[in-house]
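Structural features, examined
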Amino acid sequence: MTEASERPTKRVTVVDVARAAGVSPGTVSNAISGKRKVDHETQRRIQEAVETLGYRPNLAARRMRTGRTNTIAIYSSMPVAVAAGASKLGFLMEIAASAAVAALEANMSLVLVPPVDDPIATLKNISMDGIIVVEPEADDPVLAMLQDVGVPTVSVGKPVGSPSAYVDLDYHLMAEVLFDHLRETGAENFPLIVGASSRQSNLVFQEVYLKKAAEIGMAAQVIALPEHSAEESAAAATSKLLKEGAYFDAVLVPIDAMATGVMRALKAHGVIIPDDVRVATRYDGVRARTEVPALTAIDLGLDIVAKTATEVLIGIINRKGTVSVAEAPSPKVVPRASSVSGYRPNF
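Presented here is a report on the structure given in the accompanying data block.

Rules of the game
Within each chain, residue numbers correspond to sequence positions counted from 1 in written order. Totals for whole chains, interfaces and linings use all residues, but because this is a predicted model, local features are given only for residues with pLDDT of at least 70 and pairs of side-chain atoms are given and counted only at 80 or more. Side-chain metrics rest on all non-hydrogen atoms present in the structure, leaving aside hydrogens and water. Think of each axis as a best-fit line through the C-alpha atoms, taken over the contacting stretch in the case of a helix, with angles from 0 to 180 degrees between the N-to-C directions. A helix here means a DSSP run of H or I that spans at least four residues, while a strand means a run of E at least two residues long, and both kinds are numbered starting from the N terminus. We call two directions roughly parallel when the angle between them is under 35 degrees, roughly antiparallel when it is over 145, roughly perpendicular when it lies between 65 and 115, and oblique otherwise. Each crossing gets its handedness from the near helix: less than a right angle anticlockwise from the far helix is left-handed, clockwise is right-handed. Contacts are residue-level and defined by heavy atoms, with any inter-residue pair within 4.5 Å sufficient. Here the nonpolar group is Ala, Val, Leu, Ile, Met, Phe, Trp, Tyr, Cys and Pro; Asp, Glu, Lys and Arg are the charged ones; every other residue, Gly included, is treated as polar. The definition of a nonpolar core used throughout is a set of buried Ala, Val, Leu, Ile, Met, Phe, Trp, Tyr and Cys residues joined through side-chain atoms within 4.5 Å. Partly exposed residues are those whose accessible area sits between 20% and 50% of the maximum for their type, while under 20% is buried and over 50% is exposed, using a 1.4 Å probe and protein chains only. Convention used here: a crossover is right-handed provided that the path from the first strand, over the helix, to the second strand proceeds clockwise when the strands point away from the viewer. For two strands to be treated as a pair, DSSP must find no fewer than two bridges joining them. Under the convention used throughout, the expected extent of a helix is 1.5 Å for every residue step, that is, one less than its residue count.

Okay, the packing of helix H12 (residues 230-243) against helix H13 (residues 256-268) next. Running from N to C, H12 and H13 point in directions that differ by 40°, and their axes come no closer than 7 Å. Taken together, the axes of H12 and H13 are oblique relative to one another. In this structure, the crossing between H12 and H13 has a hand that is right-handed. Residues Ala230, Glu231, Glu232, Ala234, Ala235, Thr238, Ser239 and Leu242 of H12 lie in contact with H13, whose contacting residues are Ala257, Met258, Thr260, Gly261, Val262, Arg264, Ala265 and Leu266. Among the residues forming the contact of H12 with H13, the class breakdown is nine nonpolar, four polar and three charged.

Core analysis: the largest hydrophobic core is formed by 49 residues, its most contacted members being Ile95, Val156 and Phe190. Sorting elements by how many residues they give to this core places helix H15 (residues 302-317) first, with eight residues. Apart from residues no more than four positions distant in its own chain, phenylalanine 190 is found in contact with Phe179, Leu182, Arg183, Tyr209, Met218, Phe248, Asp249, Ala250, Val251 and Leu252. With 24 residues, the next largest nonpolar core counts Phe248, Ile255, Met258 and Leu295 among its residues.

With that out of the way, let us pick up the environment of valine 177. Inspection of the secondary structure assignment puts valine 177 in helix H10 (residues 171-184). In contact with valine 177, not counting residues within four places along its chain, are Ile298 and Val333.

Looking now at the pairing of strand S4 (residues 153-156). In regular strands, side chains alternate between the two faces of the sheet. Burial of the side chains of S4 extends over both faces: Thr153 and Ser155 are buried on one face and Val154 and Val156 on the other. Crossover strand S3 (residues 130-134) to S4 through helix H9 (residues 141-148) is right-handed. Of the pairings in the sheet, the one linking S4 to strand S5 (residues 165-168) comprises three bridges and is parallel in character. Across the sheet, residue valine 154 finds its bridge partner in S5, namely alanine 165.

For H10, which comprises 14 residues, the first-to-last C-alpha distance of 20 Å matches the rise-based estimate of 20 Å (1.5 Å per residue) to within 8%. Those residues of H10 that sit buried are Tyr171, Met174, Ala175, Val177, Leu178, Phe179, His181 and Leu182. Structurally, H10 contributes buried residues whose contacts are with S4, helix H11 (200-216), strand S8 (250-252), strand S9 (278-283), strand S10 (296-299) and strand S12 (332-334). Where H10 terminates, the next one or two residues include glycine 186, which has phi positive at roughly 110°.

Take H15 next. End to end, H15 covers 22 Å across 16 residues, agreeing with the expected 22 Å (1.5 Å per residue, within 8%). For H15, the complete set of buried residues consists of Leu302, Val305, Ala306, Thr308, Ala309, Thr310, Val312, Leu313, Ile314, Gly315 and Ile317. Directly after H15, the chain includes arginine 319, whose backbone phi takes a positive value near 60°.

Next up, the structure:
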C-alpha cells in the first residue's frame, strides 16, 4: 500500500463546490437548502459541481449551526378504531403522502405519527421543526402542548380554541352537499350518526343537519357515538333502530368507520341498499370504495389540502409565513351505489 493510498481522502466542502460553479459559498448554501431562490442557470452549475465532486452535505453540522432538523411531522388525534380496518390510516396516509412530496421539494423530510395512546409523550421525543395536526378536537391538549413549547403548527381543519394556522376544510358545505344529495335521491327521513367528540367536523355536521332538517320539517335524530368504538357502536345503534321499528330511508354518517358499521347492520337485517335505505359518508377513502355496495362520499381534495398545509408550515418555520387561514378545495360529492339505485360508475 502506497503512502498516497493511506492518506485520507479530503472531504469535499461547500467552498469546493462554490469554486467549481463560479459562485460564492453562500449561494451554494442557499441553492442546497432552498432558503433563497437561485436562478435556473446558477442552480444548474451548482448541481453539476455537486455531482462531479461528489459533495454530500454535512447534516449534523448544519443542524448544530442552524438549530434546525429539516424535519416536519404529521399527526392525527383520531382514535385507532376510526383509522383501523380497511382504511389502514387512509385519511392520514393520503394527507401524509402529498405532504411528504411538498416537504421534499423544500429539502425537508416528514415523520408520520400514527394514533398512539400517549401522543404528548411521543411527540416530545420527536425532533422536528414543525408539525401538521389533522382535525384536532376543540381545545386539543396535544395542539396546546406543541404551542406551549414553541413548535410551529398548522392544523388541517379549524382548531377551535387555538391560535394555530390552519387549512379551512369547509365542514358546513360538506354537510350541506351530503344532506342535499340524500334528499335529491328521494330520502325523506334520516338520522345523523356522528362522532361524540368535540372535533369540529362532528359539531358542524350536527349544526347543519339540525338546521336543514328544521327547514324541511323533518324530524331530526342525532345519534352521537364514541369514536374509539366507531364501527361497533354504529352497527349496534343501527340495529337498535331497526329492531325498534323506526322508519328511516337513509343514514347520514360522516365518519367512514361508522358508515361501515351502519352498512353491516343494514345488511344483517335484510335491508336493501339503496332501495330501502341510502347511506352517505364524508371521506372518499378505501372504506368507501371497497364497501359493498360502494359508499357515496366526498372528494375532499386532500392532495391539495396537504400541499397547502405543508407550504404554510414551512413558511412559518422559515419566518416567511403570513398565512393564518388557507382555503381548501370545494368538496364534491362522489355518488355511488349506496345512495343511487341502479348506479353504474363511468370508467
